[in-house]
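# Per-entry structural report
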Amino acid sequence: MQTPDHAAVLAAADAIIEAFAATDTEAYFAGFAPDASFVFHPEAARLDSRAGYEAIWAGWVASGWRVTSCSSSDRLVQTFPGGAVFSHTVATSIDSAEGPESYVERESIIFRADGDQPDGLVAIHEHLSTVPSELPSGTEL
């Protein structure tokens, strides 16, 4: 089993981030395997499939939700035979029926090798968590 190339992991992660930033539903979900799971701190339960997340996303978009900006910092790539973990701090701004909102979160995306994907990787798990209100000095957002 081959270990993914660092650049390929960044390319796969960036494709997901860029599609999210554009609220590009098709491109965003193309980066995730059908059996991907998702843990998002605002959701009551883990989402056990891409279809589950797609249903929630569709509801957000139908209600007027859209991403207005998204930036990634403090990026880390950890590779292993057959996959990789990408983690970063993500600053997101959205607009919705309730008005604009911005937040900073930590995110991890786990990839597995998949020759059918452009970068040879597909996301199989995403975990989003809050960032403590007081970060240690020197921590970059």
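Residues numbered from 1 in each chain as written. Predicted model: local features only at pLDDT ≥ 70, side-chain atom pairs only at ≥ 80, totals over all residues. Heavy atoms only, no water.

## So, the packing of aromatic side chains
Using the criterion set out here, one finds 18 aromatic pairs in the structure. Ring geometry for Phe 40 and Tyr 53: centres 4.9 Å apart, planes at 65 degrees, overall edge-to-face. Remark: Tyr 53 occurs in helix H3 (residues 50-62) and Phe 40 occurs in strand E1 (residues 32-40); sequence separation between them is 13 residues. Under the relative-accessibility criterion, Tyr 53 is labelled buried at 3%. Put simply, the rings of Phe 20, Tyr 28, Phe 29, Phe 32, Phe 38, Phe 40, Tyr 53, Trp 57, Trp 60 and Trp 65 pair up and form one aromatic cluster. (Phe/Tyr/Trp six-rings, centres within 6.5 Å; stacked < 30°, edge-to-face > 60°. Helix = DSSP H or I, 4+ residues; strand = E, 2+ residues; numbered from the N terminus. Buried < 20%, exposed > 50% of the residue type's maximum accessible area, 1.4 Å probe, protein only.)

## Looking at the environment of Leu 47
For Leu 47, the position within the fold is in the loop between E1 and H3. Judged by relative accessible area, Leu 47 falls into the buried class, the value being 13%. Between the C-alpha atoms of Leu 47 and Glu 126, which are 79 residues apart in sequence, the distance is 9.9 Å. With near-sequence residues (within four places) excluded, Leu 47 lies in contact with Ala 36, Ser 37, Phe 38, Phe 40, Tyr 53 and Ile 56. (Contact = heavy atoms within 4.5 Å.)

## Looking at the nonpolar core
Counting 30 residues, the largest nonpolar core has Tyr 28, Tyr 53, Phe 86 and Phe 111 as its most contacted members. Mapped onto this core, the elements with two or more residues apiece are helix H1 (6-21), helix H2 (25-30), E1, H3, strand E2 (66-80), strand E3 (83-95), strand E4 (101-113) and strand E5 (121-130). For this core, the element with the most residues is H1, which contributes 8 residues. (Core = buried A, V, L, I, M, F, W, Y, C linked by side-chain atoms within 4.5 Å.)

## Focus on the environment of Asp 14
Within the secondary structure, Asp 14 sits in helix H1. In sequence terms Asp 14 and Ser 72 are 58 residues apart; their C-alpha atoms lie 8.9 Å from each other.

## Notes on H1
Between its terminal C-alpha atoms H1 stretches 22 Å, which fits the 22 Å expected from 16 residues at 1.5 Å a residue. Those residues of H1 that fall on the buried side of the exposure criterion are Ala 8, Val 9, Ala 12, Ala 13, Ile 16, Ile 17, Ala 19 and Phe 20. Just downstream of H1 lies Thr 23, where phi reads positive at about 50 degrees. (Expected span 1.5 Å × (residues − 1).)

## Considerations on the sheet that holds E4
The strand order across the open sheet built from 5 strands is E1-E5-E4-E3-E2, with neighbouring strands paired in mixed fashion. Since the sheet does not close on itself, it has two edges, and those belong to E1 and E2, each with one partner. Here the average twist between neighbouring strands, direction ignored, is 20 degrees. Across the face of the sheet, H1 comes into contact with E1, E2, E3, E4 and E5 while running at roughly 165 degrees to E2. (Pairing = 2+ DSSP bridges. Axes fitted to C-alpha atoms, helices over the stretch in contact; angles between N-to-C directions.)

## Considering the pairing of E2
Where E2 and E3 come together, 12 bridges link them in antiparallel fashion. Looking across to E3, one finds that Ser 69 is bridged to Ser 93. From the end of E2 to the start of E3, which pair antiparallel, there are 2 residues, and Gly 82 there has a positive phi angle of about 90 degrees.

## With respect to the side chain of Thr 23
By the element assignment, Thr 23 lies in the loop between H1 and H2. Apart from the residues within four sequence positions on either side, Thr 23 is in contact with Trp 57, Val 61, Trp 65, Arg 66 and Val 67.

## Quick word on the pattern of salt bridges
Here the structure, examined in full by the defined rule, presents 4 salt bridges. Between Arg 75 and Asp 14 there is a salt bridge, with its nearest N and O atoms 2.7 Å apart. One end of the pair, Arg 75, is in strand E2; the other, Asp 14, is in helix H1, and 61 residues separate them in sequence. Among the salt bridges present, the one from Arg 50 reaches Glu 54, with a minimum N-O distance of 3.8 Å. Within this pair, Arg 50 and its partner Glu 54 are both found in helix H3, separated by 4 residues, close to a single helical turn. (Salt bridge = Lys/Arg side-chain N within 4 Å of Asp/Glu carboxyl O.)

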